[in-house]
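Breakdown of the fold
This is what each chain is made of:
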Amino acid sequence: MKKKVTLLLCSLMMTGTAVADQKQPIQEVAFNKVHLNDVFWTPRIEVNRTVSIPSAFRECEKSGRFDNFALAAANLGRMKTTVKEHQGDFSFDDTDPYKVIEGASYALAVKYDAQLDQYLDSVINLIALAQEPDGYLTTCVTNKCTRLSGWWGTHKWEKINSHELYNSGHLIESAVAHYRATGKKTFLNVAIKNADLVCQTFGPNEGQIHRPGGHPIIEMALCKLYKVTGNRKYLEGAKYFVDETGRCTDGHHPSEYSQDHMPILQQEEIVGHAVRAGYLYSGVADMAALTGDKAYEEALQRIWKNMSSRKLFITGGIGSRAQGEGFGPDYELNSHTAYCETCAAIANVYWNYRMFLATGESKYMDVVELALYNNVLSGVSLSGDRFFYDNPLESSGEHERQRWFGCACCPGNVTRFVASVPGYIYAQQGKDIYVNLFAQGKAQIGKVELEQETEYPWDGKVKIKVNKGSGKFAIKVRIPSWLKTSPTNNGLYTYIDKAKPYSISINGNALYPEIRDYVTISRNWKKGDVIELNLPMEVRRITANDNAEDLRGKTALQRGPVVYCIEANDQADHQVFNKYILNASPITAHFEAGLLKGVTVLEGNAKEIEQDGTIKDVPFRAIPYSTWNNRGPQPMEVWIAASPTVAVITPKPTIASKAQTFSNRGPIQNDAPETAPTDSWAGGVNDQWDPKRSSDTSKPYHYWWLKRGTKESISYRFDQPYEVSNVQVYWLDFDHYDGNFRTPVSWVLYYKSEGGQWKEVEQHSPFTVRKDCYNSVDFKPVKTQELKIVAQLQPGQSGGVLEWKVNDAAFGHSAE
């Protein structure tokens with residue numbers, strides 16, 4: 001007992017939240033100072049290096065991303081090329097190579113690869129040749145690609161949403177990473193020349209453009225460049241873009257989409273495009289930390305509180321809506337239609353890590369860990385060459401990762417982020433060291449080398465050894481939120497059960513701290529000292545705030561930092577929505593090395609509702625959410641029913657549910673459906689989920705995005721001809737800052753005749769457009785294989801369909 005008391009007296013144990021001493025800023029420990037050899041991150045970082053990065057470079061080559069730089073260089077008279085025209089559909093396609101170069105630079109720092117180094121030199125040389133003499137670098141503008149003039153206009157810097165500054169931001173971020181990893185200044189010099197032009201062009205002075213960044217990242221990037229060069233004009237440039245946000249000095253319209261609707265100091269709610277928000281507030285945090293601006297720090301804390309307590313998904317994702325790729329109202333946390341873009345999850349990590357650096361509060365690192373192990377990793381397949389753009393928390397089997405996208409922001413972002421993960425594990429404040437995340441490996445932090453031994457996140461036992469260095473300093477070990485009452489440290493999500501207590505010891509001597517956030521151990525450290533931490537990894541059940549309507553009566557499962565889901569492949573009947581798990585039902589966990597490259601799975605008993613309404617006991621298995629869809633598309637859910645009233649009986653197939661669905665890609669002339677241009681696949685209207693109201697977007701639906709006041713169509717193509725005599729249509733109607741969705745002015749139903757002609761159905765009841773109900777229309781029976789709705793949208797409004805049922809004599813009027 002005396003030994004323990006003495007140890008406690010010589011160790012300063014802090015209780016409550018560890019708040020940063022503002023006299024000594026908290027500094028990140030660079031990624032290249034941390035070398036992992038663990039069972040979780042090391043294999044993923046290696047797959048990123050050997051598969052994801054090469055795959056992304058190949059896609060950049062195939063899609064013409066590098067050709068655009070060659071064409072720009074040729075247009076500047078610096079090289080010859082066979083490339084005839086600019087390729088791609090977006091003004092920001094230049095950023096895809098920048099992101100992959102950044103990831104490759106991180107990879108080089110961890111494991112040198114001469115071939116990769118040489119490849120980077122070659123593409124950086126190409127990019128440098130495409131830079132205009134004044135430093136300008138956006139290839140679609142240099143190449144005068146009028147096809148994309150809707151983005152950039154007719155001359156440089158004309159439009160706020162041109163993404164020219166977004167291109168500059170990613171260029172700078174990539175160049176700084178390359179310089180830090182290799183010591184070479186070739187790419188950095190390109191970035192400096194571009195940044196000088198940006199700071200010369202934009203600012204408060206007469207003759208400069210008075211406008212914010214549009215799509216943020218330039219703020220973060222200029223702060224990074226300031227740290228590398230020490231040139232204060234870059235910090236001043238970042239501060240200008242932050243200050244100018246929401247002022248609309250040049251007369252442009254305020255925009256929630258870009259968080260440009262009011263000055264940041266007045267903002268309280270997080271709105272708009274989720275990636276833009278994460279990047280903007282990361283830049284604000286950087287600027288505020290570097291300038292000591294307390295007003296901006298307070299504004300960020302207000303906005304963060306709204307995000308974390310009302311708009312954060314349990315997987316660490318942000319952004320609930322596909323429309324505008326952004327935030328909806330408070331507590332809109334629908335699982336099936338959750339957008340949760342991969343880039344937004346990464347942006348959420350950036351922002352929260354910077355909030356930690358500014359404050360020293362562990363709640364920000366709790367969100368970092370939640371996003372890191374769940375939403376971020378869901379964005380890339382275990383094979384490393386397929387990616388999710390959006391990451392829903394529920395699927396009927398319609399979701400599948402893709403190798404690349406026309407708008408390919410996410411694959412490149414994954415490559416640069418995964419390679420940088422070691423840089424989030426530790427931080428330093430003076431001589432004191434923060435241990436924020438747990439992963440086996442060694443870290444050089446000043447004159448001290450720490451080594452972790454752990455099998456985290458599958459096991460909560462962690463050893464932290466002092467291998468080199470000695471002296472008086474503090475080691476601050478984060479106690480994660482998954483051992484507390486809420487994974488998000490607020491009332492948004494709550495654990496049903498109570499966590500077992502953790503334990504911590506030094507050199508075998510137990511400590512008994514009453515710590516909620518960080519265990520801070522200040523002592524005279526010496527080589528060979530060992531901290532042993534035991535974080536009990538029990539399966540914990542989570543419930544959501546009752547304001548989150550879609551999550552009522554459901555629970556989520558978490559073990560350690562890992563959130564779980566049930567996937568159809570692991571269930572006997574290959575269904576998930578017809579099951580519920582009682583809160584009292586025991587759940588066990590065990591590791592399976594041969595499943596999904598090695599994961600801990602959860603198993604227990606569930607209740608299953610049969611189609612006749614009977615209930616039976618069945619076993620269930622849950623896997624980590626981040627690993628879903630690695631065995632093909634299939635139903636999946638994170639939030640599982642906790643009672644029979646919430647579980648959903650698997651519906652029988654109908655002629656509509658088996659149909660293919662299409663929508664027109666262009667306007668319909670007059671009332672003739674055959675005038676619609678090429679049809680494209682559409683979904684969501686025949687999935688047999690009945691809406692609660694016209695604003696119920698919790699399940700898939702179809703909408704005519706950015707179409708206003710036009711005639712639009714949606715059609716079914718059945719698996720064979722059927723005789724039909726009734727349809728029921730549930731119209732979409734809800735508000736959105738980028739344009740509202742309303743029930744149409746009118747609509748008409750057509751069928752395709754045996755001769756292949758579209759004809760209006762005859763002897764029909766009225767085509768009603770009522771809200772919050774099915775609009776049922778009877779008509780003279782027709783035998784057809786295709787039906788088409790043509791809807792006239794309200795002036796200035798868009799529209800859509802939540803669900804569309806088709807009935808015939810064989811199925812009865814209630815069939816879909």
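Residues numbered from 1 in each chain as written. Predicted model: local features only at pLDDT ≥ 70, side-chain atom pairs only at ≥ 80, totals over all residues. Heavy atoms only, no water.

**Quick notes on the packing of aromatic side chains**
Operational definition: Only centres within 6.5 Å qualify two rings of Phe, Tyr or Trp (six-membered ring in Trp) as a pair; their planes then separate them into stacked at under 30 degrees, edge-to-face at over 60, and tilted for everything else. Each helix is a run of H or I in the DSSP string that is no shorter than four residues. Each strand is a run of E no shorter than two, and both are numbered from the N terminus. Criterion for a charge above a ring: Lys NZ or Arg CZ within 6 Å of the ring centre, and within 35 degrees of the ring normal.
Taken as a whole, this structure holds 48 aromatic pairs when the rule is applied. Measuring from centroid to centroid gives 5.8 Å for Tyr703 and Phe741, while their planes differ by 90°, and the two rings are edge-to-face. With Tyr703 in strand E26 (residues 702–703) and Phe741 in the loop between strand E27 (711–731) and strand E28 (746–752), this residue pair connects regions lying 38 residues apart in the sequence. Joined through ring pairs, the aromatic side chains of Phe40, Trp41, Tyr373, Phe438, Tyr456, Trp458, Trp482 and Phe591 make up one cluster. Its guanidinium or amino end placed over the ring of Phe40, Arg44 lies 3.8 Å from that ring's centre, counting from NZ or CZ.

**Examining the packing of helix H3 (residues 65–75) against helix H4 (residues 95–110)**
We count it as follows: Inter-axis angles, ranging from 0 to 180 degrees, are taken between N-to-C directions of lines fitted to C-alpha atoms, where helices are fitted over the stretch in contact. Oblique is the label for every angle not falling under 35 degrees (roughly parallel), over 145 degrees (roughly antiparallel), or within 65 to 115 degrees (roughly perpendicular). Note on convention: the crossing is left-handed when the near helix lies turned anticlockwise from the far helix by less than a right angle, right-handed when the turn is clockwise. Two residues qualify as a contact provided that any one of their heavy atoms is within 4.5 Å of a heavy atom in the partner residue. Under the convention adopted here, Pro, Cys and the residues Ala, Val, Leu, Ile, Met, Phe, Trp and Tyr are nonpolar, Asp, Glu, Lys and Arg are charged, and Gly plus all remaining residues are polar.
Contact pair H3 / H4: the axes reach a minimum separation of 8 Å and the direction vectors enclose 110°. When the axis of H3 is compared with that of H4, the two are roughly perpendicular. Where H3 crosses over H4, the handedness of that crossing is left-handed. Between H3, through Arg65, Phe66 and Phe69, and H4, the contact on the second element is made entirely by Asp96, Pro97 and Tyr98. The residue inventory of the contact of H3 with H4, partitioned by class, reads 4 nonpolar, no polar and 2 charged.

**Section: the sheet that holds strand E7 (residues 448–454)**
What counts, and what does not: Two strands pair if DSSP finds at least two bridges between them.
Strand order in the open sheet made by the 7 strands is E2-E6-E7-E8-E14-E11-E12, with antiparallel pairing throughout. The sheet is open, and its two borders are formed by strand E2 (34–36) and strand E12 (509–511), each paired with just one other strand. Going from strand to strand, the sheet's axes swing by 20° on average, the running direction of each strand aside. Pairing of E7 with strand E8 (residues 461–468) involves 6 bridges; the strand directions are antiparallel.

**Section: the side chain of Glu592**
Selection criterion: Pairs of N or O atoms are called polar contacts if they sit within 3.5 Å, as long as, within protein, a hydrogen donor faces a hydrogen acceptor (for residues adjacent in sequence, only side-chain-to-side-chain pairs).
Within the element layout of this structure, Glu592 appears in strand E19 (residues 587–592). Polar side-chain contacts of Glu592 include one of 2.5 Å to the side chain of Arg621. If we skip the residues at most four places from it in the chain, Glu592 touches Gly598, Val599, Val601, Glu603 and Arg621.

**Section: the nonpolar core**
To keep it simple, the criterion reads: Buried residues of nine kinds, namely Ala, Val, Leu, Ile, Met, Phe, Trp, Tyr and Cys, make up a nonpolar core once their side-chain atoms join them within 4.5 Å. Categorising residues by exposure relies on relative accessible area from a 1.4 Å probe, with only protein chains included: less than 20% of the type maximum marks a residue as buried, more than 50% marks it as exposed, and the intermediate range marks it as partly exposed.
Judged by nonpolar contacts, the single largest core of 205 residues is most densely connected at Trp41, Phe356, Tyr426, Leu450 and Val638. At 12 residues, helix H14 (residues 342–359) tops the list of elements feeding residues into this core. If near-sequence neighbours (up to four positions away) are discounted, Trp41 is found in contact with Leu36, Leu372, Tyr373, Leu377, Val421 and Ala439. Core analysis: the second largest hydrophobic core is formed by 28 residues, Trp704, Tyr722, Tyr751 and Val777 among them.

**Considering the state of the cysteines**
Note on terminology: a disulfide is the covalent bond linking the sulfur atoms of two cysteines. Put simply, the rule is: Only a pair of cysteine sulfur atoms within 2.5 Å counts as a disulfide in this structure description.
Per the stated rule, a full pass over the model turns up 0 disulfides. With no disulfide of its own, Cys60 lies 12 Å from the sulfur of Cys409, the closest cysteine sulfur. Sulfur of Cys140: no disulfide; nearest cysteine sulfur belongs to Cys145 and is 6.4 Å away.

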